[in-house]
Amino acid sequence: MHYMLIYLETAEEMGKRGNPAEAGTYWGGWNAYMGAMAQSGVMVSGNGLKTPEVATTLRVVDGKRHIHDGPFADTKEMLGGYVIIDVANLDDALEWAARAPCASAGSVEVRPVLPAPAEG
Amino acid sequence: MDQARRNVALTAELAARTSYGKLLALLVTRTRDIAACEDALAAALEAALLQWPREGVPANPVGWLLTVARRSIGRAAARAHTADRSADTLRLLDKERLAAETSPFGDRRLELMFVCAHPAIDPDAQPALMLQTVLGLDAARIAGSFLVSSATMSQRLVRAKRKIRDSGIGFALPDIDDVPARIDGVLSAIYAAYGAAWEDVTGADAKLVGLAEEAIWLGHLLTELMPDEAEVLGLLSLMLHCEARRPARRAPDGAFVPLHRQNIDLWSRPMIAQAERLLRRAAQLKSPGHFQIEAAIQSLHAHQRFTGERFSQPLVELYDALARYAPNIGGLVARAVAHAENGDTEAALAMLDGMHEVATYQPWWAARARVCLLAGDEKAAWSAARTAAGLTSDASVRQFLLGGGFADRTG
């Protein structure tokens, strides 16, 4: 079964990316985690994302495009990346979620992926 | 009035909390329907909170809860069965009620534990079932520490309870000849409960912190109920040895501290002394088993630190013995490291390579890092350490591994 693990990080945690004193540990943790996931063969796809400051949000209201600088919503936890994994069940997905560095500095949302609609 | 109410609520809660397992065991003895008895006990507690503030706390709060819970089971039975049968049930319950009021009731918690750890019950459900029935912990709290969704945990528990109710598992102590085989299930379930708490060393979730104490409490209870079972003593000794080191396992900044770097002044001496006494008493019973061996291993580790001497050879012998008694993956991985620390890295690597289904087993990768390092293959060591770091859910262990902590000379 495919699950998306959505990695949500606190601002403090994400701030480590740009801090020379902490970036090594930060990326070391993520690289080890992603590496272990790839090595075990559960990873289907996935990406890390740049910080929300470089996000752009668009919505169309009454036919008019509204574009604004920044993420969709200001939240305590920010989307830092995601992977799609192929595992037997939710408990296996939770096990991988718990190993994410942001599990203890943010949270991980685990969602089943909708199966593709049958071709008619 | 508010203060009085609070006091009453406290008395009710205390009566329920301290005697939950006792009460449930007594209720279940008769009906074998754990779920129904839990409901009845909850209803009794609710009734207490309503009635006690009005009429005062009864002289024997625990007996009161038992009687009311039994009545509530009787009512449920009356609804469920024909009039005839329910009348029988009610008569029976009435008799039991009188018995409970006239005599100090017995303790059937040991039977309850044996039922929870019956070989017919899903082993994955056993530790949780025991924590829930004997200690009254709720499913959500238990689920967190076993890292499964609360839905899975509830399902597991419901299925296990249904099995107990419907499959005719006897609510009785096993025959004396079967005790050694059956007791291992009980002990393993308690140890799994302890292990679940041990994983959560960060104490990130305050609700989980108490779980280790609860498991140790079960261990104490079992030594009271079966004082002459060597393995019962062995398990408690093992848990106390581990628990004694808890305050030293993390630096003030939260960093992971390996055993050989721990500040032994932070270890609980009373706990270690008690663990050693238990292990000696177990040895006198001349009935060895894997929990005693594991306790002896922890005892040696402690003595290494106290004396500054290294006991690599005796440790290898104990791990080899453990592999004969209980060849479980955790023990086998530790055994490989013990051989490597004792100088035989070739044998250690062969042991690790010979194991199956270890691709995502974190301790195997951590062990491999250490063994490769001792074998002089630094590159392989770092690669294994990175995988081990990626597989841990403990941030401080991750940092320890990525920071090269596994390469410490003193091992």
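Residues numbered from 1 in each chain as written. Chains lettered and ligands numbered in written order. Predicted model: local features only at pLDDT ≥ 70, side-chain atom pairs only at ≥ 80, totals over all residues. Heavy atoms only, no water.

- Per an unreviewed UniProt entry, chain B carries the name DNA-directed RNA polymerase sigma-70 factor and comes from Blastomonas aquatica.

- Within an unreviewed UniProt entry, the label attached to chain A reads YCII-related domain-containing protein, and the organism entered is Blastomonas aquatica.
- Reading the Sequence similarities (unreviewed entry) entry of the UniProt record for chain A gives the comment "Belongs to the YciI family." (UniProt positions renumbered as here; feature names shortened; annotations may be inferred.)

**Points about the overall build of chain A**
(1) Moving on: Each helix and strand counted, chain A has three helices and six strands in total.
(2) Moving on: Along chain A, helices and strands appear, N-terminal first, in the series β-α-α-β-β-β-β-α-β.
(3) Moving on: Burial status across chain A gives 32% buried among its 120 residues.
(4) Moving on: Here chain A carries 9 positive and 15 negative side-chain charges, and the mean point of each set is 8 Å from the other. (Helix = DSSP H or I, 4+ residues; strand = E, 2+ residues; numbered from the N terminus. Buried < 20%, exposed > 50% of the residue type's maximum accessible area, 1.4 Å probe, protein only. Lys, Arg positive; Asp, Glu negative; His and termini not counted. Charge placed at Lys NZ, Arg CZ, Asp CG, Glu CD.)

**Examining the packing of aromatic side chains**
(1) Moving on: Under the criterion given, the structure shown has ten aromatic pairs over all chains.
(2) Moving on: Judged by centre distance (4.9 Å) and plane angle (85 degrees), the rings of B:W364 and B:W365 are edge-to-face.
(3) Moving on: Taken together, A:Y7, A:W30 and A:Y33 form an aromatic cluster joined through their ring pairs.
(4) Moving on: A cation sits over an aromatic face here: A:R99 above A:W96, 4.4 Å from the ring centre.
(5) Moving on: In this structure, B:R245 packs its charged tip against the face of B:W267, placed 5.4 Å from the ring centre. (Phe/Tyr/Trp six-rings, centres within 6.5 Å; stacked < 30°, edge-to-face > 60°. Lys NZ or Arg CZ within 6 Å of the ring centre and 35° of its normal.)

**Topic: the side chain of A:R17**
Residue and element names in this part refer to chain A.
(1) Moving on: Note on placement: R17 falls in the loop between helix 1 (11-15) and helix 2 (20-40).
(2) Moving on: Among the polar contacts made by the side chain of R17, one reaches the side chain of Y26 at a distance of 2.9 Å.
(3) Moving on: Side-chain polar atoms of R17 contact the backbone oxygen of G80, separated by 3.3 Å.
(4) Moving on: Ignoring sequence-local partners within four residues, the contact set of R17 consists of E9, A23, Y26, W27, L49, K50, T51 and G80. (Polar contact = N/O pair within 3.5 Å; in protein donor to acceptor, adjacent residues only side chain to side chain. Contact = heavy atoms within 4.5 Å.)

**Digging into the domain arrangement of chain B**
Residues and elements named next belong to chain B.
(1) Moving on: Per the domain assignment, the segments making up chain B are domain 1 (2-107) and domain 2 (108-206).
(2) Moving on: Across the boundary between the two partners, domain 1 contributes 16 residues, which contact 16 residues of domain 2.
(3) Moving on: A buried area of about 1500 Å², summed over both sides, lies between domain 1 and domain 2, and 59% of it is on carbon and sulfur atoms.
(4) Moving on: Summed over the three residues of domain 1 that lose the most area to domain 2, namely R32, I34 and D107, the buried surface amounts to 39% of that side.
(5) Moving on: Joining domain 1 to domain 2, the criterion identifies two salt bridges.
(6) Moving on: A salt bridge links E38 to K161, with the shortest nitrogen-to-oxygen separation between them at 2.7 Å.
(7) Moving on: Counting across the domain 1 and domain 2 interface gives three residue pairs in polar contact (both at pLDDT 80 or more).
(8) Moving on: When residues of the side of domain 1 that touches domain 2 are traced back to their parent elements, those giving at least two are helix 1 (2-31) and helix 2 (34-55).
(9) Moving on: Among the elements that line the side of domain 1 that touches domain 2, the one with the most residues is helix 1, at nine residues.
(10) Moving on: Along the lines of polarity and charge, the residues of the side of domain 1 that touches domain 2 split into seven nonpolar, three polar and six charged. (Domains from an automatic or database assignment. Buried area = accessible area lost by both parts, 1.4 Å probe. Salt bridge = Lys/Arg side-chain N within 4 Å of Asp/Glu carboxyl O. Nonpolar A, V, L, I, M, F, W, Y, C, P; charged D, E, K, R; others polar.)

**So, the pattern of salt bridges**
All names here are of chain B.
(1) Moving on: For the structure shown, the criterion picks out 14 salt bridges over all chains.
(2) Moving on: Note that R165 and D166 form a salt bridge whose closest N and O atoms lie 2.9 Å from each other.
(3) Moving on: For D166, a relative accessible area of 52% corresponds to the exposed category.
(4) Moving on: One salt-bridge network, in which partners are shared between bridges, spans D33, R165 and D166.

**Points about the interface of chain A and chain B**
(1) Moving on: Of the residues lining the interface, 18 residues belong to chain A; the matching set on chain B comes to 17 residues.
(2) Moving on: Both sides together, the interface formed by chain A and chain B hides about 1300 Å², and carbon and sulfur atoms give 62% of it.
(3) Moving on: Counting every contact that joins chain A to chain B gives zero salt bridges.
(4) Moving on: Counting residues per element, the ones that place at least two in the side of chain A that touches chain B are helix 2 and helix 3 (90-99) of chain A.
(5) Moving on: Considering each element in turn, the side of chain A that touches chain B owes the most residues, eight residues, to helix 2 of chain A.

**Digging into helix 18 (residues 362-374) of chain B**
(1) Moving on: Between its terminal C-alpha atoms helix 18 of chain B stretches 19 Å, which fits the 18 Å expected from 13 residues at 1.5 Å a residue.
(2) Moving on: Extensive coverage of helix 18 of chain B is indicated by the burial of ten of its 13 residues.
(3) Moving on: Structurally, helix 18 of chain B contributes buried residues whose contacts are with helix 2 of chain A together with helix 16 (329-341), helix 17 (345-353), helix 19 (378-391) and helix 20 (395-402) of chain B.
(4) Moving on: Positive backbone phi, approximately 90 degrees, marks B:G376, located one or two places after helix 18 of chain B. (Expected span 1.5 Å × (residues − 1).)

**Examining helix 12 (residues 230-244) of chain B**
Residues three or four positions apart in an α-helix share a direction because the helix packs 3.6 residues into each turn.
(1) Moving on: When the terminal C-alpha atoms of helix 12 of chain B are compared, their 21 Å separation across 15 residues agrees well with the 21 Å that a helix rising 1.5 Å per residue should span.
(2) Moving on: The element helix 12 of chain B is largely enclosed, with a buried count of 15 among its 15 residues.

**Considering the nonpolar core**
(1) Moving on: Membership of the largest hydrophobic core comes to 81 residues, with the highest contact counts inside it found for B:M113, B:M130, B:I190 and B:L218.
(2) Moving on: Residues lining this core come from more than one domain, with at least three contributed by each of domain 1 (2-107) and domain 2 (108-206) of chain B.
(3) Moving on: One finds A:W96, B:W365, B:A381 and B:A384 within the second-largest nonpolar core, a separate group that totals 45 residues. (Core = buried A, V, L, I, M, F, W, Y, C linked by side-chain atoms within 4.5 Å.)

**Structural notes on the environment of B:T307**
(1) Moving on: Structurally, the position occupied by B:T307 is in helix 14 (residues 290-307).
(2) Moving on: Side-chain polar atoms of B:T307 contact the backbone oxygen of B:H303, separated by 2.7 Å.

**Let's talk about the sheet that holds strand 5 (residues 77-86) of chain A**
Residue and element names in this part refer to chain A.
(1) Moving on: The four strands lie next to each other as 2-5-1-6, forming an open sheet whose pairing is antiparallel. Where the open sheet ends on each side, the last strands, each with one partner, are strand 2 (43-48) and strand 6 (106-112). Across this sheet, the average inter-strand angle for adjacent strands is 20 degrees, counted without regard to direction.
(2) Moving on: In this structure, strand 1 (residues 2-10) lies alongside strand 6, joined through seven bridges in antiparallel fashion. Residue pairing for strand 6: L5 is matched across the bridge by V110.
(3) Moving on: Relative to strand 1, helix 2 is tilted by about 175 degrees, and along the sheet it contacts strand 1, strand 2 and strand 5. (Pairing = 2+ DSSP bridges. Axes fitted to C-alpha atoms, helices over the stretch in contact; angles between N-to-C directions.)

**Remarks on the packing of helix 2 of chain A against helix 20 of chain B**
(1) Moving on: Two elements in contact, helix 2 of chain A and helix 20 of chain B, have axes separated by 10 Å at closest approach and are oriented at 100 degrees. Relative to helix 20 of chain B, the element helix 2 of chain A lies roughly perpendicular. Contacts between helix 2 of chain A and helix 20 of chain B pair A:T25, A:G28, A:G29 and A:A32 from the former with B:R398, B:Q399 and B:L402 from the latter.
(2) Moving on: Its residues assigned to classes, the contact of helix 2 of chain A with helix 20 of chain B shows two nonpolar, four polar and one charged. (Parallel < 35°, antiparallel > 145°, perpendicular 65-115°, else oblique.)

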